[in-house]
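Next come the chains, spelled out residue by residue.
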Amino acid sequence: MLWAAPRKSADRPFLRLRTVTLLISLAAVAVVSHASLAGAWRFFPLATIGCLVTSIGLIGTGVGLIGHSRGRLAGWGLVATGMIWPSNLSAIGDAGLGPFISWNSSGVCWGLLAVIIVSYPSDLRPTRMSRFFMGLAVLDFIVFNLLHTFISEPEWAGFSAEAWWPTLWPNHDVSVSVARWYGFLDLGIAAIGVQVLLQRIRSASGADRATLEPVAIGVSLAALIAGGASVGQQLTSTETALAWTVFVQGLGLLAIPGAAIASVHRSQRIRGDIANLVMDLSVAADIQDMRDALRRALKDDELEVLYHQGSNDGLYLDPSDRPVPLPDPASRLLLDLKTGLVDEGPGAGGLPHVLVSLDPRLVAHQEMVRSALSATQLAVDRTQLQNDLRDRLAELEASQRRLAQAGVVERRRIERNLHDGAQQRLVTLRVKLEHLRSQVREEDVRASLLRVKDEVDQTLEAIRQLARGIHPPLLTEGGLDAVLPPLLQGLETELVLQLPDERPDATTEAEVYFMISEALANVSKHANATVVEVLVNREGDLLRVEVNDDGTGGADTLGGSGLAGMEDRVRALGGTMVLISEPGRGTSVRISLPWRDAQSPLPGDGAGP
């Protein structure tokens, strides 16, 4: 697997480690402060309080970073800096070893901070410039600072002449010149440190860049303030200058905990973007929307989603459906979206269906990437399911449409068979009976033939009624204009009929006729209405059909009624039906069907005899 599974058992050990580290660090600060700040507290209480606040702030920030693998080294560095920081004031009021400790502990603190700058986050590889900066900072803050004590006396640095000092070759002029240039060199190193940090930001991933920006601002502020204060101390070498320098530098260093808090806030916002990703993916219309949502969540503007259609050509398509070559694995990280594995080409299971091309630096954000990929896979599965359901629904609707069309064709075939078969034979039989009756003279035989002829006429009329009920011939020839007026004449009510100027396709037209027939049959049997409206209109891509009456109302589609069958036929044509029938307020049947233009005659159509 690309991503290591999270180990919950590691949380408690790290929690205990941070707790122990915090307690030990605070105890060490208490010991160092008691030994170093006794004299400073008598003369400079404000500087002493500031020194303690800075120390605790650095330790707290460091302990927080220790719990994160990418910030562990920087965290230990901040804890060490916070523990050493109070010794910066050990020189005040001390004529023993305190001045020497104070002089060198300051350099050690700034050397540690230089190492911290190039070690956070730990997975960003140091560049040549960052190595140069770290070496120069350690050389200047620690080595040169110590060597300076060999050519100077303690009083030249503003300390007591009785303080212990490892003087080997004292030279006042050289010592003063070195001290002054040393302060300006501090400013130069601070500027280089800011440049190194900016370089690390530019080389970081989008997610890291968002969290490193507050760190860059905080470190830059701390470096500039500390460098300026250092220059001031070198120009005025007194205990007072030392106290205020440590105080001002401490205030500058408090920008680092502030930057850490801002960075954590940024990290929480990035995690919030992963939560927003789920919402964005829920409304994503296609794979391009999914890609854009992933880019925003992972802060990777070059992220790409590629998919394979299952052919044997091995080509992948981008969200615009254009064939694209797979990116170089050395520059981009290719993941199989479904499994989370690094793509290694087709295996036993064939080519991966969807690949995600990521910034390889996002490996440092395993949990975030894992969550984003899982959410995207769910969205892809949901989209595929929706597409499958949409295809099946379209297939079902097409099947229902074909069944409806086949029903119309079959009704027409039966009607024509009745017309051309049984009906024509009965007509022929009637003519023969009439002819035979004219040849017979016996009255009783003539009367019998007349009765047979009347029964044939009745049978012929019944067959004609049956044929019209199956499919009226006039509907094919003249449409609804030809068949609805005679149908309405059988109702003893006031009639309103409205029809469109153009005809729909034959299947829709036939179904509309039978729906209206069913609705009018219900009016005739149950409604006791005085006014009936039949309104058929085209509205854009829809055919609207309404049958309204002012009868007793109370109709419903339950119990297997004719209205229920009508609703099924409407759905088979991809339409909708609304029934409004309150007791005592009449009934309104409102049908909406997709409009289809009139087409060529259905199979089985032809000229009638």
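Keep in mind it's a predicted model, so treat the numbers as computed, not measured.

*Asks:* Can you lay out a nonpolar patch on the surface for me, pointing to particular residues and giving the numbers?
*Replies:* A contiguous nonpolar patch, built from Leu139, Ile142, Val143, Phe144, Leu147 and Leu185 and spanning about 430 Å² of accessible area, is present on the exposed surface. With five residues, the top contributor of residues to the nonpolar patch is helix α6 (residues 128-148). Here Ile142 shows up in helix α6. Overall, the relative accessible area of 31% leaves Ile142 in the partly exposed class.

*Asks:* Tell me about the pairing of strand β5 (residues 354-358), residues and numbers included.
*Replies:* When you tally the buried positions in β5, you get five out of five residues, the bulk of the element. Residues Val354, Val356 and Leu358 of β5 are buried on one face, and the alternating residues Leu355 and Ser357, pointing to the opposite face, are buried as well. Strand direction decides the pairing type here: strand β1 (residues 304-307) and β5, joined by four bridges, are antiparallel. Looking at β5, one finds that Tyr307 is bridged to Val354. Alignment of strand β4 (residues 333-336) against β5, held across four bridges, turns out to be antiparallel. Residue Leu335 lies in a different strand from β5, and its bridge partner there is Val356.

*Asks:* Account for the pairing of strand β7 (residues 531-539), naming residues and giving values.
*Replies:* Relative to β7, strand β6 (residues 494-498) runs parallel, the two sharing five bridges. Considered in β7, the bridge of Glu494 is made with Val531. In this fold, β6 hands off to helix α16 (residues 506-527), which returns the chain to β7; that crossover is left-handed. Judged from the eight bridges that link them, β7 and strand β8 (residues 542-549) form a sheet pairing that is antiparallel. Bridge assignment links Val532 to a residue of β8, and that residue is Asp549. Where β7 hands over to β8, the hairpin turn is made up of two residues, of which Gly540 adopts a positive phi near 65 degrees.

*Asks:* Lay out the sheet that holds β7 with the relevant residues and their values.
*Replies:* If you walk across this open sheet you meet the five strands as β6-β7-β8-β10-β9, and the pairing is mixed. The open sheet is flanked by β6 and β9 (576-580), the only strands paired with a single partner. This sheet shows a mean twist of 10 degrees between the axes of neighbouring strands, independent of strand direction. With respect to the sheet, helix α15 (residues 480-489) is in contact with β6 and β7, its orientation differing from that of β6 by roughly 170 degrees.

Thresholds applied
Each chain carries its own residue numbering, running from 1 in the direction its sequence is written. Confidence filtering applies because this is a predicted model: local features only for residues at pLDDT of at least 70, side-chain atom pairs given and counted only at 80 or more, and all residues used for totals across whole chains, interfaces and linings. To get the side-chain values, take all heavy atoms of the structure and skip hydrogens and water. Only residues whose relative accessible area exceeds 30% and that take part in no salt bridge are eligible for patches, with like-charged residues grouped when within 9 Å of each other and nonpolar side chains (Val, Leu, Ile, Met, Phe, Trp, Tyr) grouped when within 5 Å. Computed with a 1.4 Å probe, the accessible areas rest on the Shrake-Rupley method; for each residue, only the protein chains presented here act as cover. Criterion for a salt bridge: a side-chain nitrogen of Lys or Arg within 4 Å of a carboxyl oxygen of Asp or Glu. Each helix is a run of DSSP H or I of at least 4 residues and each strand a run of E of at least 2, with the numbering of both proceeding from the N terminus. Accessibility here uses a 1.4 Å probe with only protein chains present; expressed as a share of the type maximum, an area under 20% marks a residue as buried, one over 50% as exposed, and anything in between as partly exposed. Only strands joined by at least two bridges in the DSSP assignment are considered to pair. Place the viewer so that the strands point away; then a crossover is right-handed whenever the path from the first strand over the helix to the second strand goes clockwise. Interaxial angles span 0 to 180 degrees and are taken between N-to-C directions of axes, which are lines fitted to C-alpha atoms, for helices over the stretch in contact. Note on contacts: a residue pair is in contact if any heavy atoms of the two residues lie within 4.5 Å.

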